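Here are the chains, one letter per residue:
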Amino acid sequence: MQPLFKYILMNEKVFIAGIGIVSAIGFTVEETLQSLRAGRHGVGSITHLETTLKEQIPAAQIKKTNNELKHMLGLENNEPITRTSLFGMLAAREALTNSGIDIGKYRCGIVSATSVGGMDLSEHFYDDFNADRAQGDLLYVKGHDCAESTERIANFLGIKDFMATISTACSSSANSIMFGSRLIKNNVVDMVLAGGTDSLTRFTMNGFNTLMILDKEHCKPFDAKRVGLNMGEGSGFVLLVSEKIVSEIHKNPLAEVKGYGNANDAYHQTASSPDGQGAYLAMTTALAMSGLHPEDIDYINVHGTGTSNNDLSEGIAMQRIFGDKVPLFSSTKPFTGHTLGAAGGIEAVLSVLAIQHNLVYPNLNFSEQIPELNISPVTHLIENVNVRNVLSNSFGFGGNNSTLILSDC
Amino acid sequence: MKAYINSLCAISPANTFAGDFSLVAENYPNDYLTCVEPDYKEIINPNLIRRMGRVIKMGVAASLKCLKDIELANPDAIITGTSLGCIEDTEKFLNQIVINKEQFLAPTSFIQSTHNTIAGQIALLLKCNSYNYAYVHRSFSFENALLDTLMMLTEQPNHKILLGGVDEITQVSYTIMQRLGIYKSVKDASTELFRHKTEGSIAGEGSTFFVMSNTADKAFACVQGVKTFYKPTDDIEAQNNILSFLSEHGLSAQEVDAVIMGYSGDSRYDSVYDSITEAVFPHNNILYYKHLSGDYFTSSAFAMWAGAQLIKTQTLPEAMHYRFVSAKALKNILIYNQYKNSEHSLILLSAC
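Residues numbered from 1 in each chain as written. Chains lettered and ligands numbered in written order. Predicted model: local features only at pLDDT ≥ 70, side-chain atom pairs only at ≥ 80, totals over all residues.

Enquirer: I would appreciate a short explanation of the overall build of chain B in the present structure.
Expert: Along chain B, the regular secondary structure elements total 12 helices and 13 strands. Against the globule reference of 20 Å for 352 residues, chain B gives a C-alpha radius of gyration of 19 Å, in line with a compact fold. Dimensions of chain B, computed from C-alpha atoms along their principal axes, come out at roughly 60 × 50 × 35 Å. Relative to its 352 residues, chain B shows a buried fraction of 58%. Partitioning the intrachain contacts of chain B with sequence separation of at least 6 by distance along the chain shows that 78% fall at a separation of at least 24. (Helix = DSSP H or I, 4+ residues; strand = E, 2+ residues; numbered from the N terminus. Rg over C-alpha atoms; globule rule 2.2 N^0.38 Å. Buried ≥ 20, exposed ≤ 12 C-beta atoms within 10 Å, placed from the backbone. Contact = placed C-beta atoms within 7 Å.)

Next up, the structure:
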């Protein structure tokens, strides 16, 4: 194994003290867990987005209007708020509440991530603006940029001490958890709300459609006959805290952030390399930092989009590292859809739940092994299995590959 | 946490690519400043240029120049800040969706629309497998990238890091931001910007890259630290943030030889700088730069480029004088920028 570099192990450890999630399979951690246990996925026909694609292509949508989401947040006003922000506020609030920590006592920051930002509202603006540059309701475009959702969440929860937004396509929120952890290790802040949020838009639906990587049926990652991904939307946040905070709150944290790695595949703007070099380097760098051996990993929550290219490349990288002892693995994207910039945050939350409840999730719709690989994902829910260390992958356009290793504590 | 600037390159409206420090805003065909761009054919493989959006070309060209100047083939990390990313490609794809009613779309502009396209394209060209990030938080974008760089050089002392701030302006983004009241129309920025006390700043763009490391040898300057703060409740809180940042680095306000401030010509927010000047820096040289670079979310990268040049050349060019007090040896330079009194940032540079 050759990691990119070995992180100098600074003494400070980083823990996860709270989690929050909203996706097509639930508005809370509890609902999400119930859906996962029941095998209830969120992929279906598109009902909450006006697009010509809705007749042909399914997605994992959150079945509430923006007004209903605002109501859930107690925001009773007419101001247009992007769906991206609304999801983020829901998940981030849950992560804070879940931790039970009074953030006012500590230096608290937020690192969020998104790929499309406020595009869901910008599209409305653009319909009018495109016909006449003096037209288009400005309230629908002022939240277009990626920082909008982050500042909304921060203002909503009273977080002020540090703020950043990351956008590296589909690895974005894995990268926000990585950066957040490093902020704590470097003593910039004591705790960081880290994750990401993204909503379904015509922009991304059509974008992936032009690349011909959307499955018209329910996606089947790591299957020999996989044809593409299902889009999703949602948000996932974790509350990262320092060791000092853990010692003060007298409550066991949910997990430890034991390792992370980011590497670039440097092969193609959108396609993954045949040998999975970026994925290999991200995983080996995270493993080297964690101090764990490959055999210590109990479960891999793979990126597993269901595209022909990703799953093969990721599978090859896993085989290069784990040889004939590849751990139990599954893609949870058939449950949640591919939530782009939110995927790393959502899957980090699912990884924490796997550790907390000793669960390994099924990779829905799998039936036939990819001929070029000698590994197959888990197809049924496994309970009462000892899950101590989970490796979670998130890969994005621009060759951006990230791995997190979360462990019990 | 500190780091040295070993190489730098700015593509800006002030014709800075070749590295000369004459500082003239010379290109304003419209109501905003656009970059004086180099001949990309000399820098990037012509087969690749065709497919790159303008902001990608600006990012790649400044990066390659920066690396070439110190003969660094492959950096250990590529860390970028870009608030709005590849807006031209985003607009192109959005246009296709609206005009063609979601039919017959071409993927090229979509795949280049992600905010990490610039960092990713640099990695692709260099075949660089290293750490690769894009920070996208308004006027914290470059500051977050810089903080990441400083942390990484603590974690990995031998790294050489490519750090950059890039944003482009297009007619459409200008029109929208002008309607939002962020920008105004200014025909001659260098002379007119501050004459009229009106709302709105002058729009600009730029691509500024640095190679950063722990090596002091032949460095332009040292970055002592960076700090961001958000929505101070009043001027006192902003002042205290600045003073505590200086004291963390063992400095009093008097020891700052020049302060580069982000005066943008917007009467609503320039008063914040006036208040800080009066309360914290009553006797210091105050410099400004946005009449040269234009105002954009990663303009502090241009300010850091200028600050490093000031220290290296030990000059205070007249073009940057907002309030000139005295010529003196330039040891410590503070950059203070804020956007709408919301995102505030500080970067402290010192002589090596």
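Anyway, onward from the coordinates.
Enquirer: Where do I start with the domain arrangement of chain B in this structure?
Expert: Where the parts come together, the accessible area they lose is often given as the size of the interface. Residue and element names in this part refer to chain B. Under the domain assignment, chain B is made up of domain 1 (3-213) and domain 2 (221-350). The distance between the C-alpha centroids of domain 1 and domain 2 comes to 22 Å. Facing 47 residues of domain 1, the contacting portion of domain 2 comprises 35 residues. Going through the elements one at a time, β1 (3-11), α6 (141-155), β4 (161-167), α8 (189-192), β6 (201-202) and β7 (206-213) are the ones with two or more residues in the side of domain 1 that touches domain 2. By residue number, the principal contributor to the side of domain 1 that touches domain 2 is α6, which donates 6 residues. Grouping the constituent residues of the side of domain 1 that touches domain 2 by class yields 26 nonpolar, 15 polar and 6 charged. (Domains from an automatic or database assignment. Nonpolar A, V, L, I, M, F, W, Y, C, P; charged D, E, K, R; others polar.)

Enquirer: Honestly, the interface of chain B and chain A in this entry has me stumped. Any pointers?
Expert: Opposite the 48 residues of chain B that make contact, chain A presents 50 residues. The class makeup of the residues in the side of chain B that touches chain A is 24 nonpolar, 16 polar and 8 charged.

Enquirer: What exactly am I supposed to notice about the nonpolar core here?
Expert: Soluble globular proteins: nonpolar side chains tend toward being buried together. Residues Ile16, Val238, Leu240 and Val352 of chain A are the most contacted members of the largest nonpolar core, which totals 241 residues. Looking at which domains feed residues into this core, each of domain 1 (3-213) and domain 2 (221-350) of chain B gives three or more. With near-sequence residues (within four places) excluded, Leu240 of chain A lies in contact with Val14, Ile16, Gly180, Ser181, Ile184, Met191, Val192, Ala194 and Val257 of chain A. (Core = buried A, V, L, I, M, F, W, Y, C linked by C-beta atoms within 7 Å.)

Enquirer: Whenever I open this one, helix α7 (residues 202-210) of chain A confuses me. Can you help?
Expert: For an α-helix, 3.6 residues make a turn, and residues three or four places apart therefore share a direction. Counting buried positions over the 9 residues of α7 of chain A gives 9, a clear majority of the element. Among all positions in α7 of chain A, only Arg202, Phe203, Thr204, Met205, Asn206, Gly207, Phe208, Asn209 and Thr210 of chain A are buried. As for α7 of chain A, its buried residues are in contact with α4 (119-131) and β6 (231-232) of chain A together with α3 (87-99) and α4 (108-111) of chain B.

Enquirer: How should I be thinking about the packing of helix α2 (residues 54-69) of chain B against helix α5 (residues 117-126) of chain B in this particular structure?
Expert: When two helices pack together, their arrangement is given by the angle between the helix axes and by the axis-to-axis distance. Residue and element names in this part refer to chain B. Remark: α2 packs on α5, axes separated minimally by 9 Å, with the N-to-C direction vectors making an angle of 50 degrees. Of the possible angle classes, the one that applies to α2 and α5 is oblique. Between α2 and α5 lies a crossing of right-handed hand. In this structure, α2 uses Val55, Ile56, Gly59, Val60 and Ser63 to contact α5, whose residues at the interface are Thr117, Ile118, Gln121, Ile122 and Leu125. Considering only residue class, the contact of α2 with α5 consists of 6 nonpolar, 4 polar and no charged. (Axes fitted to C-alpha atoms, helices over the stretch in contact; angles between N-to-C directions. Parallel < 35°, antiparallel > 145°, perpendicular 65-115°, else oblique. Left-handed = near helix turned anticlockwise from the far one by under 90°.)

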